[in-house]
Amino acid sequence: MNAVPASHTIAEQPALSSALAKFLERKPRLLVNGEWVEAHGKGRIPVIDPATERRIAEIADADAQDVDRAVRAARAAFESGPWAGMLPDEREQLMWRLADLMERHAGELAELESLDNGKPIAMARLIDVPGAISHLRYMSGWASKLDGSTFNTSLRAAPGTKFHTYTVREPVGVVAQIIPWNFPLLMATLKLAPVLATGCTSVLKPAEQTSLSALRLGELIVEAGFPPGVVNILTGLGESTGAALVAHPDVDKIAFTGSTEVGKLINIAATATLKRVSLELGGKSPVIVLPDVDPRAVAAGAAQAVFFNSGQICVAGSRLFVQRRIFDQVVAGVSEVSRSIVMGPGLDEHTQMGPLVSQEQRDRVLSYLQSGRKQGATIVAGGDAPGHKGYYVNPTVIVDVKPDMKIVREEIFGPVLVAQRFDELEEVAAWANDTPYGLAASIWSNDLRAVQRLVPKIKAGTVWVNCHSMIDAGMPFGGYKQSGFGREQGRAGVEMYTELKAVCMAI
Ligand code: NAI
Ligand code: MG
């Protein structure tokens, strides 16, 4: 099979709506203590439309002084004032109000997200915005359902003494939340939802590449009526704002989603004051196809697993393992799908795959393709950029790979699939686990016995069967191994924002 040249014609980015154009004119501001304030940090970060490479706005680069101001506001809101005294159903109602506001502005949020990140607006409408809202609504229910337990002890004291012992869950406190650029609004909302449900407070730092939807969300948070200081939003670079947040001694917990590299740095920095840390990091998730399936149907699923969001998703099914008998058919099918994908600017209604988020990300992905070629892999689809303005990379399928190649071992975070053959179930489980990551995996088969033998062998936080990237607010989500620790979403996700207090009362 030969490399197929790019044949996509890429449309121009359509004009922005007037509401969006107006939003872009806003001055760089930070949300601190319920107000939009000017940053103390003088640095400015350009906001780039990844489809046109044009500068469309700018945001502030908050410095350590801004961080300190925001943390102090979050601390004050946590310790005293209306938020600290609020009843669970009052927090729940505020969360619903915010969700309703987001729903009312759903079209605008989708447009903003698509412009800033590059993702197809159809996807932003279908996944990002409704997903964000569902996380808020789901978590709001936990506000009134957090509970402890009573238990019988075997404590012995003076004759006649009895004990009443029980546990209560209390909010962990001030949380620093640092999020990436691949699902900006969804990540912001997913992070904030358990904060709001438990009565914590947050200083949220969106990614410098995609801060606009978090800023718009901040406006809606103010409009919904959350007390000042409950949610503070600081834009800025990882090395400045992010690092200062992580180092701040009055932050109780850090919730981070991003690269494994930065996750490790954060974990080290958090040790100084033993902050609680939850990390949702990278992945190199296997897609395992057993021989009983219809190769064409599975090829569509495997393509979706890796190409969704231009491959910029932590659970991307980036390593495909297909049983030898149907390997060629599945790879041919995925390659065919990859060539049929309509690539274009996010705001174009026809676009199925947008550009990558930034020039840095495009260059990183292209350098992986280069490395794959150099190490002797064969590119059967894509393999290059379409040569159009914008940070596009053609969806790529690679075969003839070896387990030690960089493209097999490292997270690429782009539309790149490496495909390998296997013979036996035992062998594929070992190969699937041969990675420092352990975020997710999918198995494609209707052979119940084989599936159930494989599931326990896979070292990953989520295993999908005959689907991939299915994420729900009620389903715990997180990684084994170097994909992080802690589970977001579901009961585990809300409990992660609490401390468990045991009370032992002699009566
Ligand atoms: P990154 O991990 O550097 O950035 C994620 C967030 O962390 C951003 O808000 C950034 O400002 C912040 N950050 C960066 N350095 C920091 C520091 N020293 N202290 C505190 N906060 C810091 O990820 P980046 O550079 O944007 O992407 C690099 C690679 O990371 C990607 O190619 C991809 O492989 C992986 N990645 C994984 C994500 C996931 O969802 N698991 C999301 C984004 C990136
Ligand atoms: Mg980085």
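Residues numbered from 1 in each chain as written. Chains lettered and ligands numbered in written order. Predicted model: local features only at pLDDT ≥ 70, side-chain atom pairs only at ≥ 80, totals over all residues. Heavy atoms only, no water.

(A) Broad picture of the overall build of the chain. The number of helices and strands found in the chain is 16 helices and 22 strands. With the C-alpha coordinates aligned to their principal axes, the bounding extent of the chain is approximately 80 × 60 × 40 Å. Counting only residues that meet the buried cut, the chain has 57% of its 507 residues in that class. Expressed as a percentage of contacts within the chain between residues at least 6 apart in sequence, the contacts between residues at least 24 apart total 74%. With an accessible surface of roughly 20500 Å², the chain has 54% of that area assigned to carbon and sulfur atoms. Averaged over its 51 positive side-chain charges, the chain has a centre that lies 4 Å from the centre of its 55 negative ones. (Helix = DSSP H or I, 4+ residues; strand = E, 2+ residues; numbered from the N terminus. Buried < 20%, exposed > 50% of the residue type's maximum accessible area, 1.4 Å probe, protein only. Contact = heavy atoms within 4.5 Å. Areas by Shrake-Rupley, 256 points an atom, 1.4 Å probe, with all protein chains shown as cover. Lys, Arg positive; Asp, Glu negative; His and termini not counted. Charge placed at Lys NZ, Arg CZ, Asp CG, Glu CD.)

(B) Seen up close, the sheet that holds strand 18 (residues 440–444). The mixed open sheet is built from seven strands, whose spatial order is 14-15-16-13-12-18-19. Strand pairing shows two members of the sheet lacking a second neighbour, strand 14 (378–381) and strand 19 (462–465), which therefore form its edges. This sheet shows a mean twist of 25° between the axes of neighbouring strands, independent of strand direction. Bridging between strand 14 and strand 15 (residues 396–399) involves three bridges; their strand directions are antiparallel. Residue pairing for strand 15: T378 is matched across the bridge by V399. (Pairing = 2+ DSSP bridges. Axes fitted to C-alpha atoms, helices over the stretch in contact; angles between N-to-C directions.)

(C) Layout of the side chain of K284. When you line up the elements, K284 lands in the loop between strand 11 (276–280) and strand 12 (286–289). No salt bridge is formed by the buried K284, whose closest oppositely charged neighbour, E410, lies at an N-O distance of 8.2 Å. Here the side chain of K284 touches I407 through a polar contact of 2.8 Å, landing on its backbone oxygen. A polar atom in the side chain of K284 sits 2.7 Å from the backbone oxygen of E410. Here K284 is in contact with S318, R319, I407, V408, R409, E410, E411, I412, T435 and Y437, once residues within four sequence places are set aside. (Salt bridge = Lys/Arg side-chain N within 4 Å of Asp/Glu carboxyl O. Polar contact = N/O pair within 3.5 Å; in protein donor to acceptor, adjacent residues only side chain to side chain.)

(D) Here's a closer look at the nonpolar core. Counting residues in each nonpolar core, the largest one holds 69 residues, and the members touching the most others are L98, M102, L196 and F226. No other element matches helix 6 (residues 184–198), which puts nine residues into this core. In this structure, V287, A302, F307 and F327 belong to the second largest nonpolar core, which totals 30 residues. (Core = buried A, V, L, I, M, F, W, Y, C linked by side-chain atoms within 4.5 Å.)

(E) Here's a closer look at the packing of aromatic side chains. Taken as a whole and judged by the stated rule, the model has four aromatic pairs. Ring centres 5.9 Å apart and planes at 40° place the aromatic pair F183 and F308 in the tilted group. Here F308 lies in the loop between helix 10 (295–307) and strand 13 (319–323) and F183 lies in the loop between strand 7 (174–178) and helix 6, a separation of 125 residues in the sequence. In terms of burial, F183 and F308 fall into one category: buried. With a centroid separation of 6.4 Å and 40° between ring planes, the pair formed by F321 and W431 is classed as tilted. A residue pair is termed long-range when its members are at least 10 positions apart, and F321 in strand 13 and W431 in helix 14 (residues 425–432) qualify at 110 residues. When its relative accessible area of 1% is taken as the criterion, F321 is described as buried. (Phe/Tyr/Trp six-rings, centres within 6.5 Å; stacked < 30°, edge-to-face > 60°.)

(F) The arrangement of the site of ligand 1 in detail. Residues in close proximity to ligand 1 total 25 residues, the closest being W181, E208, S259, R364 and E411. Note that a nitrogen atom of ligand 1 is positioned 3.3 Å from one of the backbone N or O atoms of G258. Within the side chain of S259, a nitrogen or oxygen atom sits 2.7 Å from an oxygen atom of ligand 1. In isolation ligand 1 offers 810 Å² of accessible surface; the protein chains occlude 90% of this area. (Near = heavy atom within 4 Å.)

(G) Structural detail: unusual backbone geometry. Unusually for a residue other than glycine, L274 sits at a positive phi of about 50°. Mapped onto the fold, L274 is located in the loop between helix 9 (260–270) and strand 11.

(H) Structural view of the packing of helix 4 (residues 106–117) against helix 5 (residues 121–140). In the contact formed by helix 4 and helix 5, the axes pass within 8 Å of each other and the chain directions differ by 120°. Taken together, helix 4 and helix 5 sit at an angle that is classed as oblique. Relative to helix 5, the crossing made by helix 4 is right-handed. Across from A106, L109, A110, E111, E113 and S114 in helix 4, the residues of helix 5 making contact are I121, A124, R125, D128 and V129. (Parallel < 35°, antiparallel > 145°, perpendicular 65-115°, else oblique. Left-handed = near helix turned anticlockwise from the far one by under 90°.)

(I) Representation of the sheet that holds strand 22 (residues 498–506) in the model. Pairing is antiparallel across the open sheet formed by three strands, whose spatial order is 5-6-22. Edge strands, defined here as strands with exactly one partner in the open sheet, are strand 5 (150–151) and strand 22. Two elements, strand 6 (residues 163–171) and strand 22, share nine bridges in a ladder whose sense is antiparallel. Its bridge partner lying in strand 22, T167 is registered against A502.

(J) Region of interest: the state of the cysteines. This model, assessed by the stated rule, comprises zero disulfides. C314 forms no disulfide, and the closest cysteine sulfur to it belongs to C467, at a distance of 15 Å. By relative accessible area, C314 is classed as buried at 9%. (Disulfide = S-S within 2.5 Å.)

(K) View of the pairing of strand 15. The two faces of strand 15 match: T396 and I398 on one face and V397 and V399 on the other face are all buried. Examined bridge by bridge, strand 15 and strand 16 (residues 416–422) share three bridges and lie parallel to one another. Residue V397 lies in a different strand from strand 16, and its bridge partner there is L417.

(L) A look at helix 9. T260, G263, I266 and A270 are the residues of helix 9 that are buried. All buried residues of helix 9 lie within an arc of 115° about the axis, which places them on one face of the element. Pointing more than 90 degrees away from the buried face of helix 9 are the exposed residues E261, L265 and I268. Lining the buried residues of helix 9 we find strand 7, helix 8 (238–247), strand 10 (253–257), strand 11 and strand 17 (437–438). (Arc of directions from axis to C-beta.)

(M) Highlighting the pattern of salt bridges. Considering all chains together, one arrives at 29 salt bridges under this definition. In this structure, R491 engages D147 in a salt bridge whose closest nitrogen and oxygen atoms are separated by 3.9 Å. With R491 in helix 16 (residues 490–495) and D147 in the loop between helix 5 and strand 5, the pair connects residues that are 344 residues apart, well separated along the chain. With a relative accessible area of 43%, D147 lands in the partly exposed category. Within the structure, one salt-bridge network assembled from shared partners comprises R26, E108, R216 and E219.

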